[in-house]
Number of protein chains: 2
Amino acid sequence: MRVLGIDPGLTRCGVGVVEGSVGRPLTLIDVNVLRTSADQPVAQRLVTIEKGLDAWLDEFEPDAVAVERVFARSDSSTIMGTAQASGIALVVAARRGLPIALHTPSEVKAAVTGSGRAAKPQVGAMVARILRLDAPPSPADASDAVALAITHIWRGGAQARLDAAVAAASRPARTTPMRTGR
Amino acid sequence: MRVLGIDPGLTRCGVGVVEGSVGRPLTLIDVNVLRTSADQPVAQRLVTIEKGLDAWLDEFEPDAVAVERVFARSDSSTIMGTAQASGIALVVAARRGLPIALHTPSEVKAAVTGSGRAAKPQVGAMVARILRLDAPPSPADASDAVALAITHIWRGGAQARLDAAVAAASRPARTTPMRTGR
């Protein structure tokens with residue numbers, strides 16, 4: 001499956017496309033950062049982000065979109081812009097009917113490094129290792145977007161296996177119906 | 001001028017259209033609340049709000065849009081959804097090239113009641129009085145959207161008069177160029 005990871009932000013919005021499936025090597029398709037200028041009104045900056053994300057969806061046609069879940073307790077000076085940008089990311093994906101998943105920063109850290117409290121450089125280092133890159137994607141927003149996509153593929157894979165297991169477990173009951181009394 | 005006021009929110013997004021100009025009676029064109037269900041995913045709720053706002057812009061063709069400025073210090077349980085909804089409101093208006101103004105809750109209270117610390121019922125009461133309504137628009141989100149539109153017309157009018165005064169003051173300098181020395 002191909003996943004677009006989005007690390008929402010008003011000044012820098014990370015975008016990364018990863019392809020692969022659980023248990024197989026993952027491939028980085030592309031990664032970048034959408035930037036908007038603080039000199040522009042917020043509304044115009046959001047339109048720029050909307051256009052940028054639409055262009056990425058057009059070009060890479062992902063099967064799903066993974067967006068970082070934003071919390072009110074985050075750094076308050078930028079949190080409003082981040083929340084607004086995340087709203088745009090959700091709308092752009094939902095308009096196309098794409099499956100959307102929200103992953104928290106600690107879920108992403110735990111998925112790629114094994115620790116929900118890992119530092120940013122450790123996340124970047126693991127992203128590079130997982131995707132067999134010479135260096136982590138830069139800046140950190142780019143690495144974070146790629147880490148989101150990786151997390152989604154791995155967690156989505158686990159969920160898919162769970163669903164398959166549940167389906168398999170319930171199958172015999174249907175093919176061999178239980179007999180009552182008599 | 002005709003202004004669409006938007007009080008952004010994920011569960012209830014107030015929308016109100018007011019027409020008029022400074023120093024003349026204002027007219028309420030329409031007011032309502034766009035609602036989305038908490039049972040739906042956030043992305044889908046934001047798409048519903050986007051469609052609703054687009055429909056209002058199509059129907060009423062306002063000259064400008066006034067959106068409540070959201071602060072991080074607001075009630076934290078709903079602030080993320082409010083910020084995301086405000087991002088959608090800004091994008092929907094900016095995509096059409098409409099002038100957008102952000103007004104803070106205290107600016108709105110001060111404009112319609114004379115006090116930046118007025119209580120909600122007082123805002124509603126003044127909205128009803130200004131627009132010659134039998135009762136305040138209900139719920140409060142609807143009243144707040146209308147108050148935003150009123151604020152915008154009144155503040156915009158003051159700004160327009162200031163701009164005109166500045167233009168008038170600078171005009172003689174241009175028609176009677178200053179002579180240097182000699």
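Conventions and cut-offs
Residues numbered from 1 in each chain as written. Chains lettered and ligands numbered in written order. Predicted model: local features only at pLDDT ≥ 70, side-chain atom pairs only at ≥ 80, totals over all residues. Heavy atoms only, no water. Helix = DSSP H or I, 4+ residues; strand = E, 2+ residues; numbered from the N terminus. Buried < 20%, exposed > 50% of the residue type's maximum accessible area, 1.4 Å probe, protein only. Contact = heavy atoms within 4.5 Å. Areas by Shrake-Rupley, 256 points an atom, 1.4 Å probe, with all protein chains shown as cover. Buried area = accessible area lost by both parts, 1.4 Å probe. Salt bridge = Lys/Arg side-chain N within 4 Å of Asp/Glu carboxyl O. Pairing = 2+ DSSP bridges. Axes fitted to C-alpha atoms, helices over the stretch in contact; angles between N-to-C directions.

1. Digging into the overall build of chain A
The number of helices and strands found in chain A is five helices and five strands. In chain A, the succession of helices and strands from N to C terminus is β-β-β-α-β-α-β-α-α-α. Across the 182 residues that make up chain A, the buried fraction comes to 46%. Considering only intrachain contacts with a sequence separation of at least 6, the fraction spanning at least 24 residues in chain A is 63%. Summing over all exposed atoms, chain A offers an accessible surface of approximately 9400 Å²; the carbon and sulfur share of this is 52%.

2. Notes on the interface of chain A and chain B
Each partner contributes residues to the interface: chain A has 21 residues there, and chain B has 22 residues. Approximately 1700 Å² of surface area, both sides summed, lies buried where chain A meets chain B, with 79% of it carried by carbon and sulfur atoms. Broken down residue by residue, the surface that chain A buries against chain B is led by Met80, Gln84 and Val91 of chain A, which jointly contribute 28%. The interface formed by chain A and chain B holds two salt bridges in total.

3. Some thoughts on the sheet that holds strand E4 (residues 64-68) of chain B
Residue and element names in this part refer to chain B. The strand order E3-E2-E1-E4-E5 describes an open sheet built from five strands, whose pairing is mixed. The open sheet is flanked by strand E3 (27-35) and strand E5 (100-103), the only strands paired with a single partner. Each adjacent strand pair in this sheet contributes to an overall mean axis angle of 20 degrees, direction not counted.

Coordinates in, geometry out; function isn't part of it.
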